[in-house]
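Single-letter residue listing:
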Amino acid sequence: MSLILFLHGPSSSGKSTLAAELRRQSPRPFLHLSIDHLRSSGAWRQVDYPDWQTARPAFFDGFHRAVAGFADAGNDLIIEHILDTPGWHSQLQDLLADHQMLFVGLRPSLAALHQREQRRGDRPRGSAVQDAAHIHAGIRYDLECDGTRDTEQLARDILTRINQPLPASGFFR
């Protein structure tokens, strides 16, 4: 059984920053998986998919199966993802059911999301606020936090929590 730290929040909510800090502080190794890594490495290039809406379902189905494959092989994971499409949560519930999970929801203020998105400059304007308006609906997190909170302290809090027995994750409800 692998341990999965699933970081869920809108674009620009601090998922990547938190994941990096968790890895820096943790004595145990975590494999960090994210769509942004595929984009940044050039493994996925938007220019290659002129009809992205048609290609998108297969791409994310592959990503979800890859994440499950890494967990099934015994890797502890930090996954950062935005569950913004119907069916993704239930697919990942099925694929990751045999693993231990801490499901973390990041909810920074709308003003912070807007500011971060502008600073980044690599996302469509307004997408972070748009995501924040709906991605948390009906979700049960094990831990919710403000993505603008001190990242070092937040990582310490999460690592302290996973060093105790974890109850069944809200991710699977």
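Attention in this report is confined to the structure presented alongside it.

1. Thoughts on the overall build of the chain
Scanning the chain for helices and strands turns up seven helices and five strands. Helices and strands appear in the chain in the N-to-C order β-α-β-α-α-β-α-β-α-α-β-α. Taking 2.2 N^0.38 as the reference for a compact globule, 173 residues should give roughly 16 Å; the C-alpha atoms of the chain span a radius of gyration of 16 Å, in line with that estimate. Each of the three principal axes of the chain carries a C-alpha extent, and together these read 45 × 35 × 30 Å. Looking at the 173 residues of the chain, the share that counts as buried comes to 47%.

2. Some words on helix H1 (residues 15–25)
Along H1, the residues classified as buried are Lys 15, Leu 18, Ala 19, Glu 21 and Leu 22. Projected onto a plane normal to the axis of H1, the buried residues spread over an arc of 165° and lie on a single side.

3. Overview of the sheet that holds strand E1 (residues 3–8)
Strand order across the open sheet formed by five strands is E2-E3-E1-E4-E5, with parallel pairing between neighbours. The open sheet has two edge strands with one neighbour each: strand E2 (31–34) and strand E5 (143–145). Each strand of the sheet is rotated relative to its neighbour by a mean of 20°, with strand direction disregarded. In the packing of H1 onto the sheet, contacts are made with E1, E2, strand E3 (77–81) and strand E4 (100–106), and the angle to E3 comes to roughly 170°. Sheet contacts for helix H7 (residues 151–162): E1, E4 and E5; angle to E4, the most-contacted strand, approximately 155°.

4. A short note on the packing of aromatic side chains
Per the stated rule, a full pass over the model turns up 13 aromatic pairs. Consider the rings of Phe 6 and Phe 103, whose centres lie 5.4 Å apart with planes at 80°: the pair is edge-to-face. A residue pair is termed long-range when its members are at least 10 positions apart, and Phe 6 in strand E1 and Phe 103 in strand E4 qualify at 97 residues. No difference in accessibility class separates Phe 6 from Phe 103, as the two residues are buried.

5. Structural notes on the pattern of salt bridges
Per the counting criterion, the structure on display carries seven salt bridges. For Glu 21, the salt bridge identified is with Arg 24, shortest N-O distance 2.6 Å. Here Glu 21 pairs with Arg 24, and both are found in helix H1, just three residues apart, close to one helical turn. Its relative accessible area of 10% is what places Glu 21 among the buried residues. Among the salt bridges present, the one from Asp 76 reaches Arg 28, with a minimum N-O distance of 2.9 Å. Note that Asp 76 is positioned in the loop between helix H3 (52–72) and E3 and Arg 28 in the loop between H1 and E2, a separation of 48 residues in sequence. Judged by its relative accessible area of 32%, Arg 28 is partly exposed.

Procedures and definitions
- Residues numbered from 1 in each chain as written.
- Predicted model: local features only at pLDDT ≥ 70, side-chain atom pairs only at ≥ 80, totals over all residues.
- Heavy atoms only, no water.
- Helix = DSSP H or I, 4+ residues; strand = E, 2+ residues; numbered from the N terminus.
- Rg over C-alpha atoms; globule rule 2.2 N^0.38 Å.
- Buried < 20%, exposed > 50% of the residue type's maximum accessible area, 1.4 Å probe, protein only.
- Arc of directions from axis to C-beta.
- Pairing = 2+ DSSP bridges.
- Axes fitted to C-alpha atoms, helices over the stretch in contact; angles between N-to-C directions.
- Contact = heavy atoms within 4.5 Å.
- Phe/Tyr/Trp six-rings, centres within 6.5 Å; stacked < 30°, edge-to-face > 60°.
- Salt bridge = Lys/Arg side-chain N within 4 Å of Asp/Glu carboxyl O.

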